[in-house]
Amino acid sequence: MRLNPFNPNDIRVEDQRGMRFPGGGGGKVGCGTLVIALIAAVIFGVDPGQMIGGLQEVEQQGAPADTGAGDTGGRTAAESCSVNQYSQESCAALASLDRTWQPVFQKARIAFEQPKLVFYSRAGRSGCGAAQSAMGPFYCPADEGIYLDTSFYDELANRLGAGPGDFARLYVIAHEYGHHIQHLVGLDQQVRSLQQRDPSAANSLQVRMELQADCYAGVWASLNRDQIDAGDFEEGMKAAAAIGDDTLQQNAGRQVNPESFTHGSSSQRMDALRLGMQSGDESQCDRYFQMS
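Residues numbered from 1 in each chain as written. Predicted model: local features only at pLDDT ≥ 70, side-chain atom pairs only at ≥ 80, totals over all residues. Heavy atoms only, no water.

*Asks:* I would appreciate a short explanation of the pattern of salt bridges in the present structure.
*Replies:* Note that side chains of opposite charge can pair when their charged atoms are close. Counted under the stated rule, the structure contains nine salt bridges. Put simply, Asp15 and Arg75 hold a salt bridge, and the shortest N to O gap is 3.0 Å. In this pair, Asp15 is assigned in strand β1 (residues 12-15) and Arg75 in the loop between α2 (48-60) and α3 (77-81), connecting sequence segments 60 residues apart. Overlapping salt bridges, with partners in common, bring together Glu14, Lys116 and Asp143 in one network. (Salt bridge = Lys/Arg side-chain N within 4 Å of Asp/Glu carboxyl O. Helix = DSSP H or I, 4+ residues; strand = E, 2+ residues; numbered from the N terminus.)

Quick look at the structure:
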């Protein structure tokens, strides 16, 4: 995908690379946390015990912690975006996503706020708690941040089997941006309320959230189809298949358990991304959630 040039001053970037943070943790450990930790142990080769604390804090999505907001580790936004190819690409994707979604919100007369892209290396701190590389990219609604250790992209290509294509990486950013959209329209708060009222439905509700975010990623690509290269669609489908819950569980040597899914199966994720890419209509993504 050929992203347009961008002005780093037009996007929100925070850089925690090179900064040190105290470890976090404590509290109860849920079954979902253990499953994610065990899968990550196989895929990323980490000690699951070391990452449970961070996973807990992000799952709880509590009040913002002291993240040193605005601290770029001594780098300007331009410098942060130029650290490596992945940084440059991620910043360009963020700028494109901002340009694409802002007019959609304006047309709908809904207040729009840009999310921030937070780079970190191995460990960081978000408004939702500790961040660790083994958790993969994530969105924190408490500080409206998309958190990314760019080394994840090598894992995505090499160990998760998504391949080396750039669209697979852009899909990751666009998916997390989809969670920001859900946050701006208040859907995430409604879902958390439903999950608290009915814990037995928590996983299925989360799957719907993730599939809708996949759909939004596809809409962004469709609305920028003039920048799509031959093979990008196939790269997106391959990436969606690689990070489906059933595929991750199989690759981790675990029995596939749909009741434990939190992001959807490979087939579901491919269908969601395809829906967005083929329709180019964000309202089509509402089919994953009709909240009363």
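What follows picks up the thread again.
*Asks:* Explain the packing of aromatic side chains here, please?
*Replies:* Each aromatic ring pair is summarised here by two numbers: the centre-to-centre distance and the angle between the ring planes. All chains considered together, the criterion is met by three aromatic pairs. When the ring centre of Phe119 is taken as reference, the NZ or CZ atom of Arg17 above it lies at 4.3 Å. Over the face of the ring belonging to Phe289 we find Arg208, whose NZ or CZ atom lies 5.9 Å from the ring centre. (Phe/Tyr/Trp six-rings, centres within 6.5 Å; stacked < 30°, edge-to-face > 60°. Lys NZ or Arg CZ within 6 Å of the ring centre and 35° of its normal.)

*Asks:* Quick question: what am I supposed to make of the pairing of strand β3 (residues 123-126) here?
*Replies:* Relative to strand β4 (residues 129-132), β3 is paired through four bridges, and the arrangement is antiparallel. Across the sheet, residue Ala123 finds its bridge partner in β4, namely Gln132. Counting the residues in the hairpin turn of β3 and β4 gives two residues. (Pairing = 2+ DSSP bridges.)

*Asks:* Would you mind showing me how to read the sheet that holds β1 here?
*Replies:* Consider a sheet: its strands pair through backbone hydrogen bonds, and that pairing is either parallel or antiparallel. With mixed pairing, four strands are arranged side by side in an open sheet as β1-β2-β6-β5. The sheet terminates laterally at β1 and β5 (138-140), the two strands that pair on one side only. Here the average twist between neighbouring strands, direction ignored, is 25°. One ladder, built from four bridges, connects strand β2 (residues 116-119) with strand β6 (residues 145-148); its direction is parallel. Opposite Leu117, over in β6, you have Ile146 as the bridge partner. With respect to the sheet, helix α4 (residues 85-108) is in contact with β1, β2 and β6, its orientation differing from that of β2 by roughly 165°. (Axes fitted to C-alpha atoms, helices over the stretch in contact; angles between N-to-C directions. Contact = heavy atoms within 4.5 Å.)

*Asks:* What is the right way to read the state of the cysteines from this model?
*Replies:* Linking two cysteines covalently through their sulfur atoms gives a disulfide. Under the criterion given, the structure shown has three disulfides. Disulfide pairing places Cys81 opposite Cys91 at an S-S distance of 2.1 Å. Disulfide Cys81-Cys91: torsion about the S-S bond near -85°, hence left-handed. Taken as a pair, Cys81 in helix α3 and Cys91 in helix α4 lie far apart in primary sequence, 10 residues in all. Each sulfur of the disulfide joining Cys215 and Cys285 lies 2.1 Å from the other. Looking along the S-S bond of the Cys215-Cys285 disulfide, the torsion reads about -80°, which is the left-handed sense. You can see Cys215 sitting in helix α8 (residues 202-223) and its partner Cys285 sitting in the segment after α11 (266-279), a full 70 residues away along the chain. (Disulfide = S-S within 2.5 Å.)

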